[in-house]
Number of protein chains: 2
Amino acid sequence: MAGARAIQKEKTRQAIIEAALSQLTAEHGFSNLSLREVAREAGIAPTSFYRHFSDMEELGLTLVDECGVTLRQLMRKARKRIEKKGSIINTSVETFMEFTQQNANIFRLLLRERSGTSTAFRDAILREINHFKDELTDYLLNESDYDHDTAYALAEGLVTLVFNAGADVLDLPAKKSRLLKQRLIRQLQFIVIGAAVIHKKEQNDG
Amino acid sequence: MAGARAIQKEKTRQAIIEAALSQLTAEHGFSNLSLREVAREAGIAPTSFYRHFSDMEELGLTLVDECGVTLRQLMRKARKRIEKKGSIINTSVETFMEFTQQNANIFRLLLRERSGTSTAFRDAILREINHFKDELTDYLLNESDYDHDTAYALAEGLVTLVFNAGADVLDLPAKKSRLLKQRLIRQLQFIVIGAAVIHKKEQNDG
DNA sequence: CAATCCGGCGTACAACTGTACACTTAACTA
DNA sequence: TAGTTAAGTGTACAGTTGTACGCCGGATTG
């Protein structure tokens, strides 16, 4: 059974999610979205909102999950491209920025709301970003002979730089964002090379 | 003339500023402060607020200026300590984290509101952070033979890492924040060494 | 077919928001 | 000392918010 009712419910649920995302602009963070405005944009009565979420916070957590999905897509795509093209840093940055701009609203949520909202919300976002760090750490552990702490420090540094650049690029004209991308690539090279050099030196000394 | 009236005015102005700062918590960003609540905490009638600021936004910009002052104090102190103790990275991190915790609310504003509010507000914060980057760039240009672009990329990387760690540390238990600090120091070393190595190589190739 | 379920609606209410306006009253000025 | 200035007050209003409650009507179930 298709469940005509269930289908309709899912449809308006999605409408709510999209309404919320569409209202996340540079000026308008999640914490000042109003249930009523979201409902209005979704085309439902304010009270109907409760048929789907008990809370704005619950909506928020759902949105964060959505982010997680997008991030994992991003990682898969980046990996595939790297396998084909090599050039890890360039490809990663290129892919990340592409995703950032294609899913601007989702990334706005992830990048901007990672601090300054409810604990549950913040934790959920941190979890997603940490997942990203952990994946990268594993990758580094496989591709090199770093110990775990070093790999993690390096991964965290990379992720921090990339996500910050992503947040900045969200509302920047194309020209400036190209410069920023180039700078980001240099910074990533700095930190990757630096980690390698320091690691090698420590090995020789040890 | 001392200006008894002017003195009193300045006093309540400060009361407003402090009230606003005291309401900036981990959960409660600037954009959801209310004029009335701020006025209440400052001990004045809501409408009296307008005798000092035309807007919440104007208050916000004032707070950002306050941040600028604090940041400059921070830089002075860091420089002095570095002159005495050497160990640039450790001293800087130590000093930055000290300031972060002593002026938690001011840094909360700076670190968390840097995206997700009004344009004027965001720009003001970016200006302060850029000032920081520029100072560091100048320092690097004096202490080394980097070209400007390289120095700037390096400075930006450093500032990004430090400020992000600062934002994270704001609401972290002491134990975890010590670990985070150590990781930050390693990351800074990575990027500094990496920049040096790459620069040297480029010079030899050139 | 009859009974039930349930997504969506409209009304209603209390709480809160920003701010316009007219006022008091203490400090300043001439 | 008389007149003016301006910080602070209280009242008032229109707008918004979240949400409790009861109802409708089509889908689902037996």
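Residues numbered from 1 in each chain as written. Chains lettered and ligands numbered in written order. Predicted model: local features only at pLDDT ≥ 70, side-chain atom pairs only at ≥ 80, totals over all residues. Heavy atoms only, no water.

Trainee: How would you summarise the domain arrangement of chain A if you had to cite specific residues and measurements?
Mentor: Residues and elements named next belong to chain A. Looking at the assigned domains, one finds that chain A contains domain 1 (1-53) and domain 2 (60-205). With 13 residues of domain 1 at the contact, the number on the domain 2 side is 13 residues. Between domain 1 and domain 2, roughly 990 Å² of surface is buried when both sides are summed, and carbon and sulfur atoms account for 69% of that area. Scanning the region where domain 1 abuts domain 2 turns up zero salt bridges. (Domains from an automatic or database assignment. Contact = heavy atoms within 4.5 Å. Buried area = accessible area lost by both parts, 1.4 Å probe. Salt bridge = Lys/Arg side-chain N within 4 Å of Asp/Glu carboxyl O.)

Trainee: Could you give an account of the environment of B:A196, naming the residues involved and the relevant values?
Mentor: All names here are of chain B. In this structure, A196 sits in helix α8 (residues 174-205). Take A196: its relative accessible area is 34%, and that puts it in the partly exposed class. For the pair A196 and Y146, spaced 50 residues apart in the sequence, the C-alpha separation amounts to 8.7 Å. (Helix = DSSP H or I, 4+ residues; strand = E, 2+ residues; numbered from the N terminus. Buried < 20%, exposed > 50% of the residue type's maximum accessible area, 1.4 Å probe, protein only.)

Trainee: Talk me through helix α2 (residues 35-42) of chain B; I want residue IDs and the actual numbers.
Mentor: All names here are of chain B. What α2 keeps buried is the set L35, V38, A39 and A42. For α2, the angular spread of the buried residues around the axis is 100°, confining them to a single face. Exposed positions of α2 whose direction lies more than 90 degrees from the buried face are R36 and R40. Of the surrounding secondary structure, the elements contacted by the buried residues of α2 are α1 (4-22) and α3 (56-85). Two residues or fewer past α2, G43 is found with a positive phi of approximately 80°. (Arc of directions from axis to C-beta.)

Trainee: Quick rundown of unusual backbone geometry? Include the residues and the values.
Mentor: One non-glycine residue, A:S87, lies in positive phi territory at about 55°. With respect to the helices, strands and loops of the structure, A:S87 is situated in the loop between α3 (56-85) and α4 (88-102).

Trainee: Can you lay out the relation of the copies chain B and chain A for me, pointing to particular residues and giving the numbers?
Mentor: Mapping chain B onto chain A calls for a rotation angle of 180° and an axial translation of 0.1 Å; the resulting RMSD is 0.1 Å. Read as a symmetry element, the transformation amounts to a two-fold axis. Both copies contact each other with a shared surface, as 97% of the interface residues of chain B are interface residues in chain A too. (Least-squares fit on C-alpha atoms with pLDDT ≥ 70 in both.)

Trainee: Please provide a residue-by-residue account of the environment of B:M97, values included.
Mentor: Residue and element names in this part refer to chain B. Relative to the helices and strands, M97 resides in helix α4 (residues 88-102). The spacing of M97 and F107 is 10 residues in sequence and 10 Å in space, taken between C-alpha atoms. In this view, M97 contacts A165, G166, V169, K181 and L184; residues no more than four positions away in its chain are not counted.

Trainee: Let's hear about a negative patch on the surface: which residues, and what values?
Mentor: Residue and element names in this part refer to chain A. Side chains of D145, D147, D149, E202 and D205 sit close together on the surface and give a patch of like negative charge. Position of E202 among the secondary structure elements: in helix α8 (residues 174-205). Under the relative-accessibility criterion, E202 is labelled partly exposed at 45%. (Patch = residues over 30% accessible without salt bridge, like charges linked within 9 Å, V, L, I, M, F, W, Y side chains within 5 Å. Areas by Shrake-Rupley, 256 points an atom, 1.4 Å probe, with all protein chains shown as cover. Lys, Arg positive; Asp, Glu negative; His and termini not counted. Charge placed at Lys NZ, Arg CZ, Asp CG, Glu CD.)

Trainee: Any chance you could break down the nonpolar core for me, citing the residues and the numbers?
Mentor: A:L59, A:F163, B:V38, B:L59 and B:F163 are the most contacted members of the largest nonpolar core, which totals 121 residues. For B:V38, the residues in contact, after removing those within four places along its chain, are B:I16, B:A19, B:A20, B:Q23, B:L33, B:F49, B:M56 and B:L59. (Core = buried A, V, L, I, M, F, W, Y, C linked by side-chain atoms within 4.5 Å.)

Trainee: So what about the protein's contact with DNA strand D? Which residues, and what values?
Mentor: Residues in contact with DNA strand D amount to 23 residues; listed here are only the nearest, A:A4, A:R5, A:R36, B:R51 and B:H52. Protein-proximal atoms of DNA strand D, defined as those within 4 Å of the protein, fall in sugar or phosphate at a share of 54%. Contact distances for DNA strand D include 3.0 Å between a phosphate oxygen and a side-chain N or O atom of A:S34. In the model, a phosphate oxygen of DNA strand D is placed 2.8 Å from a nitrogen or oxygen of the A:Y50 side chain. (Near = heavy atom within 4 Å. Polar contact = N/O pair within 3.5 Å; in protein donor to acceptor, adjacent residues only side chain to side chain.)

Trainee: Hey, could you go over the protein's contact with DNA strand C for me, with residue numbers and the actual values?
Mentor: Residues in contact with DNA strand C amount to 23 residues; listed here are only the nearest, A:A45, A:R51, A:H52, B:A4 and B:R36. Of what DNA strand C places within 4 Å of the protein, 52% of the atoms are sugar or phosphate. Here A:A45 contributes a backbone N or O atom positioned 2.6 Å from a phosphate oxygen of DNA strand C. A distance of 2.8 Å separates a base oxygen of DNA strand C from a polar atom in the side chain of A:T47. Of all the secondary structure elements, the ones that give two or more residues to the surface near DNA strand C are α1 (4-22) of chain A together with α1 and α2 of chain B. When the residues that make up the surface near DNA strand C are grouped by side-chain class, the tally is seven nonpolar, eight polar and eight charged. (Nonpolar A, V, L, I, M, F, W, Y, C, P; charged D, E, K, R; others polar.)

Trainee: Now, about the interface of chain B and chain A: what can you tell me, with residues and values included?
Mentor: Interface size is often expressed as the accessible area that is lost when the parts come together. Facing 35 residues of chain B, the contacting portion of chain A comprises 34 residues. For the pair chain B and chain A, the summed buried surface comes to about 3000 Å²; carbon and sulfur atoms form 55% of the total. Summed over the three residues of chain B that lose the most area to chain A, namely B:R183, B:R186 and B:F190, the buried surface amounts to 19% of that side. There are four salt bridges connecting chain B and chain A. B:R183 is the salt-bridge partner of A:E156, the closest N and O atoms lying 2.8 Å from each other. When residues in the side of chain B that touches chain A are grouped by element, the largest group, 12 residues, is from α8(B). Residue composition of the side of chain B that touches chain A, grouped by class: 11 nonpolar, 15 polar and nine charged.

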